[in-house]
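Understanding the architecture of this molecule
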Amino acid sequence: MQSLLPESDYQRFLNEGRFMLQRSRQNGGYFFYPRVAQPGTGNTDLEWVEASGLGVVYSSTVVRQRPPTPNYNVALIDLAEGVRMMSRVEGLLPEDVRIGMPVRAKIVALEADASVLVFEPV
Amino acid sequence: MNQSLRGQTAIVAGATFGMGEAPGLSSMDLAASASVRALAQVGLTPADVDGLFVSVPDDMLSGLTFAEYLGIHPRFTDNNRTGGSAFQIYAHTAAMALACGQIDVALIAYGSNQKSASGKLVQSSRPSPWETPYRPMNPVSSYALAAARHMHQYGTTREQLAEVAVAARKWAQLNPDAYMRDDLSIDDVLGARMVSDPLTVRDCCLVTDGAAAVVMVRADRARDLAKRPAYLLGAGSATTHREIASMEDLTVTAARESGQRAYAMAGVGPKDIDVVMLYDAFTINPILFLEDLGFCPKGEGGRFVSGGAIAPGGQLAVNTNGGGLSCVHPGMYGLFTMVEATQQLMGQCGARQVADARLAIAHGNGGVLSSQATVILGTEETL
């Protein structure tokens, strides 16, 4: 049985350019954030699956900064797999992000071991 | 044995201290000042306390520290970390311990010098790795996400959020202990500096120092100690998440469950309540809690608070001390709702006194809408 390190496995996949989500083999249920066991059932028969990357903006805010530092977007994204995560939507002004907007995941490599998952409008 | 807690215990004293700015005093100094003040109201001293319930934001072992400060050795000590809802949960725990004779005198206390010590809200937990890359300004950004979703789903407007702030300020103007008492209009709120859309700085709670304490005993002793005890009729709590991305529906809080549990124990409903104290960390909170505690249907909270409905002279007396928005907010505000509810039922509120106040709700919120806890208090006539 391979050992599962939820946080570092997730980040390692991102660093490799892969957005992976966990799922229970028994019931096929996805969940986020990564854990050692499925919430509710406690199932540990977990596998990592490539995420579709598709989602919809569930909510959005703009964190205001003192000019000239730019404001930035913080959003909650509902993924097609039925889970929700915090992220940000890029490629448009932070205040132009709309609830209900369809988005697609993009991995941004900040440094060697520090890739970040963001979203862009579809 | 399946006996209800209803009416078995009462708050006999409530006090605050250092609300606003209290430089040079530690959180413990403040909590102790409020505590001895409350105990003195009923002729008791720290040595009489055998159940100690305390939360202080900057000390993870505050139960031990506070017992040491007060020079006491309690039979029962609790230091719960559900955020601002801790105090309502303490009232429930204290009632259980009192009712079955495990303790005789409960002291619930809080103190924080966050304003004088650091000038901002103290963060007392490890930041989430699932949030850190996106740098939300917590807690405000999480509440902003909830407000944005409510606006999207139910058409709630920024003006309606502003009504909550304006009402709180009007109550604060009747309270000599409130920190902010200047006139505040809806336009003032809309024109204030935006922090995390849609919340401006006037949609956010204050950052102040402050402390509070209440004393609880069993009902039979309550009558000997206080003229008008505030009997605990109902209590209930519920938690749903820790970080905002895990909240199933940002427009529905666990106040629905905590309220149902408290109402069921008390045998009353929203229409019976005279004074409604709701932890107003942000203007969206009273809107959500008024819905989830059954004062209006889900989605109608914005319309409900419009036109001064929760301001002095309105339809429902909400946050009569001025709330976290205008009275005091040292970080974990829940205990202040209980002190104000108690003082209203005791008839001690002067210019802001709600006439014939018999039943009060004190509702606490912790984290980012994460933990909800409701306490219902009533006068002797309601037993």
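Since the structure is predicted, the reported quantities are computational estimates derived from the model, not experimental observations.

**As for the overall build of chain B**
Tallying secondary structure elements over chain B gives 13 helices and twelve strands in all. Relative to the globule expectation of 21 Å for 383 residues, the C-alpha radius of gyration of chain B, 19 Å, shows essentially globular dimensions. Along the three orthogonal principal directions, the C-alpha set of chain B runs to about 50 × 40 × 40 Å. The 383 residues of chain B split such that 60% are buried. Contacts spanning at least 24 positions in sequence make up 79% of the contacts within chain B whose residues lie at least 6 apart.

**As for the packing of helix α3 (residues 86-99) of chain B against helix α13 (residues 334-345) of chain B**
All names here are of chain B. Packing of α3 against α13 leaves a shortest axis separation of 6 Å and a crossing angle of 60°. Regarding the angle of α3 to α13, the classification is oblique. On α13, the residues that touch Ala 86, Phe 87, Gln 88 and Ala 91 of α3 are Gly 334, Leu 335 and Met 338. The residue inventory of the contact of α3 with α13, partitioned by class, reads five nonpolar, two polar and no charged.

**Some points on the sheet that holds strand β2 (residues 30-31) of chain A**
The strands making up a sheet associate through backbone hydrogen bonding, with each pair oriented either parallel or antiparallel. Residue and element names in this part refer to chain A. The antiparallel open sheet is built from three strands, whose spatial order is β2-β1-β3. If you trace the sheet from one side to the other, it starts and ends with β2 and β3 (46-50), each paired once. Direction of pairing for strand β1 (residues 20-24) relative to β3: antiparallel, over a ladder of five bridges. Looking across to β3, one finds that Arg 23 is bridged to Glu 47.

**Section: the interface of chain B and chain A**
In this assembly, 21 residues from chain B lie in contact with 19 residues from chain A. Put simply, the parts of the chain that give the side of chain B that touches chain A at least two residues each are α5 (140-154) and β5 (194-196) of chain B. Residues of the side of chain B that touches chain A, tallied by class, amount to 14 nonpolar, three polar and four charged.

**Some points on the confidence of the model for chain B**
For chain B, per-residue confidence averages 96 on the pLDDT scale, and 99% of positions sit at 70 or higher. Overall fold confidence for the complex sits at a pTM of 0.96, while the interface term, ipTM, reaches 0.96.

**What to know about the environment of Gly 14 of chain B**
Residue and element names in this part refer to chain B. Positionally, Gly 14 belongs in strand β1 (residues 9-20). As for Gly 14 and Ala 109, which are separated by 95 residues in sequence, their C-alpha atoms are 9.8 Å apart. In this structure Gly 14 touches Ala 38, Val 214, Met 338, Val 339, Thr 342 and Gln 343, once residues within four positions along its chain are discounted.

**Here we look at the environment of Arg 242 of chain B**
Residue and element names in this part refer to chain B. Along the chain, Arg 242 turns up in the loop between β8 (230-239) and α9 (255-266). Sequence separation between Arg 242 and Ser 371 is 129 residues; the distance between their C-alpha atoms is 8.1 Å. If we ignore the near neighbours within four places in the chain, the residues touching Arg 242 are Gly 367 and Ser 370.

**Some thoughts on unusual backbone geometry**
Geometrically, the link from Phe 32 of chain A to Tyr 33 of chain A is a cis peptide bond, its omega value of 15° lying close to zero. Secondary-structure assignment places Tyr 33 of chain A in the loop between β2 and β3. Between Asn 138 of chain B and the following residue, Pro 139 of chain B, the backbone shows a cis peptide bond with an omega angle of 0°. Mapped onto the elements of the fold, Pro 139 of chain B is located in the loop between α4 (114-117) and α5. Here the phi dihedral of Arg 135 of chain B falls at roughly 50°; this positive angle occurs in a residue that is not glycine. In this structure, Arg 135 of chain B sits in the loop between α4 and α5. We note that Asp 356 of chain B has phi near 55°; this positive angle belongs to a residue other than glycine. With respect to the element layout, Asp 356 of chain B can be found in the loop between α13 and β11 (359-366).

**Quick notes on the domain arrangement of chain B**
Residues and elements named next belong to chain B. Here chain B is partitioned into domain 1 (9-119 + 209-232) and domain 2 (137-202 + 234-382). Domain 1 and domain 2 are separated by 22 Å when their C-alpha centres are compared. On the domain 2 side, the residues contacting the 31 residues of domain 1 number 36 residues. Mapped onto the side of domain 1 that touches domain 2, the elements with two or more residues apiece are β1, α3, β4 (106-112), β7 (209-218) and β8. No other element matches α3, which puts seven residues into the side of domain 1 that touches domain 2.

Criteria and thresholds
- Residues numbered from 1 in each chain as written.
- Chains lettered and ligands numbered in written order.
- Predicted model: local features only at pLDDT ≥ 70, side-chain atom pairs only at ≥ 80, totals over all residues.
- Helix = DSSP H or I, 4+ residues; strand = E, 2+ residues; numbered from the N terminus.
- Rg over C-alpha atoms; globule rule 2.2 N^0.38 Å.
- Buried ≥ 20, exposed ≤ 12 C-beta atoms within 10 Å, placed from the backbone.
- Contact = placed C-beta atoms within 7 Å.
- Axes fitted to C-alpha atoms, helices over the stretch in contact; angles between N-to-C directions.
- Parallel < 35°, antiparallel > 145°, perpendicular 65-115°, else oblique.
- Nonpolar A, V, L, I, M, F, W, Y, C, P; charged D, E, K, R; others polar.
- Pairing = 2+ DSSP bridges.
- pLDDT = per-residue confidence, 0-100.
- Domains from an automatic or database assignment.

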